[in-house]
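The lines below spell out each chain.
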Amino acid sequence: MVNTKKRIHVYAPFLGFSKKDIARLGASLGVPFEKTYSCYEGTIPPCGECATCKQRQEALEGIL
Ligand SMILES: [Zn+2]
C-alpha cells in the first residue's frame, strides 16, 4: 500500500536572490570562486564569451 500522506518540504533559500546577491553572500562566507566553474563550452580556461561566462562576470564584478 502506498502512503500518500508523506509531506514534502521544499526549501529554496535563493529564490529571491539575484546572481549578484548570491555572489555577495558567497564572498562573505569565503567561497573560493576561483575553484568554481560554469562555462557552457567546457573549455579550460572558461571561454569568457558564452551566456553563463558573461552572467558570471557580471555577478562577480566588484566582488572578486
Ligand atoms: Zn564560457
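Everything below is about the structure printed above this text.
Residues numbered from 1 in each chain as written. Predicted model: local features only at pLDDT ≥ 70, side-chain atom pairs only at ≥ 80, totals over all residues. Heavy atoms only, no water.

## Overview of the packing of helix α1 (residues 19-28) against helix α2 (residues 51-60)
Formally: Angles run from 0 to 180 degrees between N-to-C directions of axes, and those axes are lines fitted to C-alpha atoms, restricted for helices to the stretch in contact. Note on conventions: DSSP H or I runs of at least 4 residues are helices, E runs of at least 2 residues are strands, and numbering of each starts at the N terminus. Roughly parallel means an angle under 35 degrees; roughly antiparallel means over 145; roughly perpendicular covers 65 to 115; every other angle is labelled oblique. Two helices cross in a left-handed way if the nearer one is turned anticlockwise from the farther one by less than a right angle. They cross in a right-handed way if the turn is clockwise. We call two residues in contact whenever any of their non-hydrogen atoms come within 4.5 Å of each other. Residues are sorted three ways: Asp, Glu, Lys and Arg are charged, Ala, Val, Leu, Ile, Met, Phe, Trp, Tyr, Cys and Pro are nonpolar, and all the rest, Gly among them, are polar.
Where α1 contacts α2, the axes come no closer than 8 Å and their chain directions differ by 60 degrees. Here α1 is positioned oblique relative to α2, judged by the angle of their axes. Here α1 and α2 pass one another in a crossing that is right-handed. Residue-level inspection shows Lys-19, Lys-20 and Ala-23 of α1 in contact with α2, the latter providing Gln-55, Glu-58, Ala-59 and Leu-60. When its residues are assigned to classes, the contact of α1 with α2 shows 3 nonpolar, 1 polar and 3 charged.

## A few points about the coordination of the zinc ion
For clarity, the cut-off: The donor set comprises N, O and S atoms within 2.8 Å of the metal, extended to 3.2 Å for Na, K and Ca; water molecules are omitted, so apparent gaps in a site may simply reflect that omission. Under the classification used here, a metal with four donors is tetrahedral if each angle lies between 85 and 135 degrees, square planar if opposite donors are over 155 degrees apart and the others between 65 and 115, a six-donor metal meeting that same test is octahedral, and anything else is irregular.
With distances of 2.3 to 2.4 Å, the protein atoms coordinating the zinc ion are Cys-39 (SG), Cys-47 (SG), Cys-50 (SG) and Cys-53 (SG). Here the zinc ion binds 4 donor atoms, and the angle range of 103 to 117 degrees at the metal identifies the geometry as tetrahedral. Read N to C, the donor residues that coordinate the zinc ion are spaced as C-x7-C-x2-C-x2-C.

## With respect to unusual backbone geometry
Between Ile-44 and the following residue, Pro-45, the backbone shows a cis peptide bond with an omega angle of 0 degrees. Inspection of the secondary structure assignment puts Pro-45 in the loop between α1 and α2.

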